[in-house]
Every structure is written in C-alpha cells, then in structure tokens.
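Structural overview for review
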Amino acid sequence: MKIHEKYIKRCIQLAENGLGTTNPNPMVGSVIVHDNKIIGEGWHRKAGEPHAEVNAINSVKDRSKLKKATIYVSLEPCSHYGKTPPCSDLIIASGIKKIVIGSIDPFPAVSGKGIKKLMDAGCQVTLGILDKECNALNKRFFTFHKHQRPYIILKWAQSVDGFLAPISSEEKNKREPIWITNKYSQQLVHKWRSEETAILVGTNTAVKDNPKLNTRLWEGKNPIRVIIDQHLRLTDDSALLDKSIKTIVICGEVAKKNNLKSSSENLIFEIIDFTKEITAEICKILYKHAIQSIIIEGGAKTLQSFIDSELWDEARIFTGEAHFNNGIKAPIAPGTFIQKHTETGDILRIYSND
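Residue numbers run consecutively from 1 along every chain, following the written order of its sequence. Owing to the predicted nature of the model, reporting of local features is limited to residues with pLDDT of at least 70; listing and counting of side-chain atom pairs is limited to 80 or more, with chain, interface and lining totals taken over all residues. Side-chain calculation: all heavy atoms of the structure are included, whereas hydrogens and water are not.

1. Thoughts on the pattern of salt bridges
Salt bridges, as used here, are contacts in which a Lys or Arg side-chain nitrogen is within 4 Å of a carboxyl oxygen on Asp or Glu. Applying the stated criterion across every chain yields a total of 14 salt bridges. In this structure, Glu297 engages Arg193 in a salt bridge whose closest nitrogen and oxygen atoms are separated by 3.4 Å. Within this pair, whereas Glu297 is found in the loop between strand 12 (293–296) and helix 12 (300–308), its partner Arg193 is found in helix 8 (residues 183–195), the two being separated by 104 residues in sequence. With a 1.4 Å probe rolled over the protein chains alone, any residue whose accessible area is under 20% of its type maximum counts as buried; one over 50% counts as exposed, and the rest are partly exposed. Overall, the relative accessible area of 16% leaves Glu297 in the buried class. The buried category is assigned to Arg193, whose relative accessible area is 7%. Its salt-bridge partner being Glu281, residue Lys284 comes within 3.2 Å of it at the nearest N-O pair. In this pair, Lys284 and Glu281 both sit in helix 11 (residues 278–288), 3 residues apart, roughly one turn of the helix. Classification of Glu281 by relative accessible area gives buried; the value is 13%. Put simply, DSSP marks the helices as runs of H or I at least four residues long and the strands as runs of E at least two long, and each gets a number from the N terminus on.

Pasting the structure below:
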C-alpha cells in the first residue's frame, strides 16, 4: 500500500501544474510504473486538451512494457466522450491491466462508470489511495458538482488593529484604494486571481475603489468579474464596466424597470430577489455560469454576509503593518485556523470552514 501512496503522491504533484488552466475540468495527474520504475507520466494541462492518462501513455517510449505496467491516476479515468475520447478506453486498448485510482469522480457522466468499464474489461482496479488528498486537490471541482455552487474563498486585508479601512479618507474620495499590504502580497493576490474562475466585490468597494480586478501583476488569465450592484449605482466610467473582461453584474428589479442596461458578451446583467437570502441567490447565478471557484474580496458587508450564511470554504486574511486606530472593522476570522505565512512584513493566515 505504501508503494501505491508514493506514486499517487507523484500524481498529485503533477496534477497541481494544471491549477488555473483546466477549468471546468478537474486537475489530474498520472504515472505509469514498470518494475518499480516510472516509465511515463503526464497531467491534464488545459481544458479541451488530452487528459493526464493520455499524456502519460504517450510519454512511454517502449509501449511493449505497458502490458506488465501499472497506471496510477489521481482521479477516476473518464468513460464518456466530451472534447476528448474516454481515457478508460485508451487504458484498455493499451493493454494495461493494473490501475490504481486516488478518488472517484463526482461528475455524474463519469462517477463510477470509468471504474466499471475497466473492471468489465478484466482490469485489476485499486481504489481510494490517498483519497482525502486527491479530493482536496480538486476541492473546487468537487464542491461545484456536489453542492451546486462554487468553492468560495474569502479574502481581505486588515490593519494591525483590525480595520479594513479608515473611517474617512481623502484618498477614498478620489476613488483610489488604500493599500494595507505590500507589493509582494499584492502580487500574490493577483496570482490567486489567475487560479480561480471568478472574483466578486460589493457595490461600495466597486464605487469607492474603482478596482480593475484583473491579473496585471501576474502573468495568467483574468478571472470573471462579479459585482453586486442592486440599484445599478456604478457609472459608465467604472473600470468594471469597460467590457475588457467578462463581467457579471448582479442587480435587482431596477434593471428590468429602467430597461437602461442590456447584457452583451462581456457584460452580463443578472437579476436576483434581494428580499431572499442574497448569498444563496448569488450562488445560483454563479452555478448557472459554471463558475467553479470564486474569491470574495469584500468589503465588510459583503464578506460578513457570506460568513453569516456559512457559504464559504476558505478564508485568506492578510494583516499589514498599518495602524488606523478607527474605521471599518474587519470581520472576525471564521472557521478553523490552518496555517500562517509571512509575506515580507505582512502576515497571511488561512482558515477553513470544515
């Protein structure tokens, strides 16, 4: 069993290379072992491209060894035709008889079917090796398919004395953000943005800070921008309405009544009932748009609403070196403390809603 764990760990390591590029597919890694030596390995690099098992098999130089080899894969091989053929068919056709799988795919079109196809073909299938670690690898994918909502990451920065912002500021009147964290933390946040499907802010943050919510400090894809703007307070000169990035504006009935705003390819207006639990209504919209993960960047009211409704999975909280003495209080850190990092002066703490 320990030898299986060794190779599944390598699968997980390989799969992590696909963070931010495989959506809406899961991250998957695969290795092929012959006589206790890895003879092939691969991972799913990008949605629409070959899956991990295909890349692993194609990397094997001597195909004659496959009949006596074992293939390890962090997630159940697919059994259906999507943008690529079924991986389980390729494994069978390659003559591989031993398959070791980390976790079962929750996607209904696959779940259990890939395993059944392999077993029906006479393959020896071993399941559940490091399944917790494999599930954690695809926490976004699993949350989306099991709970019909995205994996939700709360993120904020606070002063040493626990404030999100001063009570008043000339800078705020200029529609410019007050930076609590340093440039290294800011770059890390942009890296995070490139790894998630979307990012969300509330009306006050959008109006006062006029953020771009892109990845200008990191090379990577921009997340879909989501703005809560019940009464359509954002003006046409807002950076969030420039149509440069796909943006979803969640608003109330005012959009329908005024008929002033119409959706386009990169600017979509979605109406929800603000008399209901807002976070649950927002999650329905996010699920509708196939958003598997989202960063909630605040401000205080928006963050607290997700905390109060228990609709969050992870919180990433920066504490900078600034002292404000008074101002807008940061939320109380929720959940279970997981880890702490220091980002050249800033402190990052991560919590889990387990």
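2. Observations regarding the domain arrangement of the chain
Many analyses report the size of an interface as the accessible area lost when the parts associate. How far each domain reaches was decided by an automatic or database domain assignment. Per the domain assignment, the segments of the chain are domain 1 (1–141) and domain 2 (149–352). Taken over C-alpha atoms, the centre of domain 1 sits 36 Å from the centre of domain 2. Each partner contributes to the interface: domain 1 provides 7 residues, whereas domain 2 provides 10 residues. When two components associate, each loses some accessible surface as probed by a 1.4 Å sphere; the sum of these losses over both components is called the buried area. Where domain 1 abuts domain 2, roughly 790 Å² becomes buried across the two surfaces, and 45% of that area is made up of carbon and sulfur atoms. Our count for the contact surface shared by domain 1 and domain 2 stands at 2 salt bridges. Between N or O atoms, a polar contact is any pair within 3.5 Å; within protein, one atom must be a potential hydrogen donor and the other a potential acceptor, and residues adjacent in sequence are included only when both atoms are from side chains. Linking domain 1 with domain 2 are 3 residue pairs in polar contact (both at pLDDT 80 or more). Residue composition of the side of domain 1 that touches domain 2, by class: 3 nonpolar, 2 polar and 2 charged. Only heavy atoms matter for contacts: two residues are in contact if any of them lie within 4.5 Å across the pair. Residues are grouped as follows: nonpolar covers Ala, Val, Leu, Ile, Met, Phe, Trp, Tyr, Cys and Pro; charged covers Asp, Glu, Lys and Arg; every other residue, Gly included, is treated as polar.

3. Description of the pairing of strand 9 (residues 224–228)
Along strand 9, 5 of the 5 residues are buried, which leaves the element largely enclosed by surrounding structure. Direction of pairing for strand 8 (residues 198–201) relative to strand 9: parallel, over a ladder of 4 bridges. By the bridge assignment, Leu200 is partnered in strand 9 with Val226. Criterion used throughout: strands pair if DSSP finds at least two bridges between them.

4. A look at the sheet that holds strand 1 (residues 29–34)
Spatially, 5 strands are ordered 2-1-3-4-5 in an open sheet, and the strand pairing comes out mixed. The sheet is open, and its two edges are formed by strand 2 (37–43) and strand 5 (124–126), each paired on a single side. Averaged over all neighbouring strand pairs, the angle between strand axes comes to 20 degrees, with direction disregarded. Pairing geometry for strand 1 and strand 2, over 6 bridges, is antiparallel. Note on strand 2: the bridge partner recorded for Val33 is Ile38. Contacting strand 1, strand 2, strand 3 (70–75), strand 4 (98–103) and strand 5, helix 1 (residues 2–15) runs over the sheet at an angle of about 140 degrees to strand 1. To obtain an axis, a line is fitted to C-alpha atoms, over the contacting stretch when the element is a helix, and the angle between two such axes runs from 0 to 180 degrees between their N-to-C directions.

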